[in-house]
Amino acid sequence: MAQLRYGAAISQALADAMEADPTVIIMGEDIAGAGGSFGITRGLLDKFGPGRVIDTPISEAAIAGMAVGAAMSGLKPVLEIMFMDFTTLAMDAMVNQAAKARFMFGAQVSVPMVLRTPHGGGVSAGPQHSQCLEAWFAHVPGLKVVCPSSPANAYGLLRAAIADPDPVVFVEHKGLYGQRGEVPQVLAAIPLGEAVTVRAGDHVTVVAYGAVVAIAMQAAEHLASEAISLEVIDLQTIQPWDEAAVLASLAKTGHLVVVHEAVEQFGVGAEIAARMADVGFAHLKGPIVRVGAPFMPVPFSAELEMQYRPSAARVVAAVRKALGKE
Amino acid sequence: MPITGTSENEGAALLRHYEQLLVIRRCEERLQRLFAEGEVPGFIHLGIGQEAISVGVMSALQPADTLASTHRGHGHALAKGMPLEGFFAELLARDTGVCRGRGGSMHVADMSIGMLGANGIVGAGLSIATGSALAHKLKGNGQIAVSFFGDGALAEGLLHECGNIASLMKLPLLLVCEANGWSEFSPASSQIAFNLAKWSAAYGIIYRKVDGNDVVAVAEAAAALTEAIRSGGGPALLTCTTHRWRGHFEGDAQKYRNADEPEPRDPTVVAEEHLAAAGVGAQRLAQIAARVESEIEDAITKARAAPPARFDAALADVYTSASSGEAL
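The model shown is predicted, which means the values in this text are computed figures rather than measured ones.

## Notes on the sheet that holds strand 7 (residues 236-241) of chain B
All names here are of chain B.
Right, so step 1: Taken in spatial order, the five strands make up an open sheet running 1-2-3-7-6, and their pairing is parallel. Each edge of the sheet is formed by a strand with only one pairing partner; in this case those strands are strand 1 (66-68) and strand 6 (206-211). With strand direction ignored, the average angle separating the axes of adjacent strands in the sheet is 20°.
Right, so step 2: Relative to strand 7, strand 6 is paired through six bridges, and the arrangement is parallel. In the sheet register, Asp211 faces strand 7, and the bridge partner there is Thr241.
Right, so step 3: Packed onto the sheet, helix 7 (residues 196-203) meets strand 3 (173-179), strand 6 and strand 7 and runs at close to 180° relative to strand 7.

Written as structure tokens, this is what we have:
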């Protein structure tokens, strides 16, 4: 096994995808000369030239719409939006154009674009540079939403996202960029729509995605000392999410906790809980419990932000609640 | 038939333009009736009176050039070459429609002819065409992209963003403003504080303004601008002044309109004047009109006989790949 940082794995996936397919271009604000705000695209301009590594003005609405038009005209654009908070400015292109083109044009065309963007807090970036808005995109038929938790799945999922014929919102966590992890010797795409069990267990299923998978793992370590065994599932893809994998685990454990950094209300956890309360009702031995952020904007203060974001302690508490051991 | 006073090619082109003008006009007149009779559902926005812009601009395009249209997009689709039967079948919500009955009037599209779709969002086509122009430039295929838009879209931020980017990147993009004087229900003069000539100059974009009711004038301007664009001159903007004969949408009571609006010039009559000057007789025009009407009636008959749009097929087409959501 080799070691790679999360950011470097994304960078490698971009380079390998561009190498493999000449129609892949990358575009975004300060991604070429400057190498991107988080340095993810550094070096790609030298390697692939300004025709395929395109610096754009600060025009999120236009560049997202351009990615749609370019994708409908034979390219596979990978667009970087510097912070997920800025995708608000690209919503028409994503929601009304990219998501619907295939459907509303009678399947004449697909929109093979990827919108890469970092979400998440933990760096005191404040209310407009920290949000987790993935549930918005997951709510729109026609979009796929991916959220990697590690260098290995960041690489594999991005390769799959770029190869995918449909528009994919690829949500990275800015707090993970510098984190090292093991990656396979031979890097390959990881299919979209498939969850992975990162820790097998018997008593409670914990579903997570992105950076909070690590928190779920910490909680599992902690509870193992109390002989409570967690099965941790990394969703990897949020839309379409792997319902079968979650259901199979629930059938085994009978208890379910869903963890995400996004606010709890109307979120990904709500969807998973609702589906499992429906199709998994017979397996449930206790309440489904969500762990997410409270219903407030992300605060700037490091102290406040620490209280705001999910923690292993909150996952532990949620597991106890799910087991009726509060 | 030899045409005096002009070259044979020009005469033939003029006749083709005339036929296209009539196709669009008669299609929309039929839609007007079909809508009033309740056969066409939803919202339709007619471009009656604006046909010369579609026909003139499209005469300068090549088959592989692309265009992004607006909510008032029937003329763009038909002039680029959308088949009549697929067009009417779409408006009548049939499975044989160009979009299989999922888009309707506001989303008619035909990728096989580079028609990237009418659009329900004002100004959205600007960015789609700009992106398509980027693809053409990167592929070095010599094609251009066209964005049609109306006065209302001048108030959208995308005009600024796309004008800036297209100019910076010297993209092969033709911007066509169909200036009918209206921004939905409001006079454009009450909504727009700038003029496009000065705007274009500020952005370094080539600019022309023509009488949008004269297909010859539009075609000449479009030919000159597309040639400049294809030779690497970067984006250009063509303003075509015209008149919206109908309401913003069919059913619009238009209480906001004044009775003293000037009588619009009819693009089909202007074309007939050109043809008369070129020596084309009324009989020839009547033959064309009869053929156009017959083709339209034939298309409507076939569309009516076609099966309705299918729910299962629609559900299966939300995503392309099999690994997707409910389509599984």
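Having seen it, we continue.
## Focus: the packing of helix 3 (residues 60-71) of chain A against helix 6 (residues 157-168) of chain B
Right, so step 1: Interhelical geometry of helix 3 of chain A versus helix 6 of chain B gives an angle of 70° and a closest axis separation of 8 Å. Of the possible angle classes, the one that applies to helix 3 of chain A and helix 6 of chain B is roughly perpendicular. The way helix 3 of chain A lies across helix 6 of chain B gives a crossing that is right-handed. Facing helix 3 of chain A, whose interface residues are Glu60(A), Ala61(A), Ala62(A), Ile63(A) and Met66(A), helix 6 of chain B presents Leu158(B), Glu161(B), Cys162(B) and Ile165(B).
Right, so step 2: Tallied by class, residues from the contact of helix 3 of chain A with helix 6 of chain B come to seven nonpolar, no polar and two charged.

## What to know about the pattern of salt bridges
Residue and element names in this part refer to chain A.
Right, so step 1: Applying the stated criterion to the full structure yields 30 salt bridges over all chains.
Right, so step 2: Of the charged contacts, one joins Glu172 and Arg116 as a salt bridge, the two residues approaching to 2.6 Å between their closest N and O atoms. With Glu172 in strand 7 (residues 168-173) and Arg116 in strand 5 (residues 114-119), the pair connects residues that are 56 residues apart, well separated along the chain. Assigned by exposure class, Glu172 and Arg116 land together as buried.
Right, so step 3: When salt bridges that share partners are traced, they join Glu80, Arg116 and Glu172 into one network.

## Thoughts on the sheet that holds strand 6 (residues 144-146) of chain A
Residues and elements named next belong to chain A.
Right, so step 1: Spatial ordering of the open sheet is given by 3-2-4-5-7-6-12, a layout of seven strands whose pairing is mixed. The open sheet terminates on both sides in strands that have one partner only, identified here as strand 3 (53-56) and strand 12 (237-239). If you compare each strand with its neighbour and ignore which way they point, the axes differ by 20° on average.
Right, so step 2: With four bridges connecting them, strand 2 (residues 24-29) and strand 3 associate as parallel partners. Bridge assignment links Met27 to a residue of strand 3, and that residue is Ile54.

## Some thoughts on the environment of Ala273(A)
Residue and element names in this part refer to chain A.
Right, so step 1: Along the chain, Ala273 turns up in helix 9 (residues 268-279).
Right, so step 2: Classification of Ala273 by relative accessible area gives buried; the value is 15%.
Right, so step 3: C-alpha of Ala273 to C-alpha of Val289: the two residues are 16 residues apart in sequence and 8.0 Å apart in space.

Analysis parameters
Residues numbered from 1 in each chain as written. Chains lettered and ligands numbered in written order. Predicted model: local features only at pLDDT ≥ 70, side-chain atom pairs only at ≥ 80, totals over all residues. Heavy atoms only, no water. Pairing = 2+ DSSP bridges. Helix = DSSP H or I, 4+ residues; strand = E, 2+ residues; numbered from the N terminus. Axes fitted to C-alpha atoms, helices over the stretch in contact; angles between N-to-C directions. Contact = heavy atoms within 4.5 Å. Parallel < 35°, antiparallel > 145°, perpendicular 65-115°, else oblique. Left-handed = near helix turned anticlockwise from the far one by under 90°. Nonpolar A, V, L, I, M, F, W, Y, C, P; charged D, E, K, R; others polar. Salt bridge = Lys/Arg side-chain N within 4 Å of Asp/Glu carboxyl O. Buried < 20%, exposed > 50% of the residue type's maximum accessible area, 1.4 Å probe, protein only.

Nothing here speaks to function; it is all geometry.
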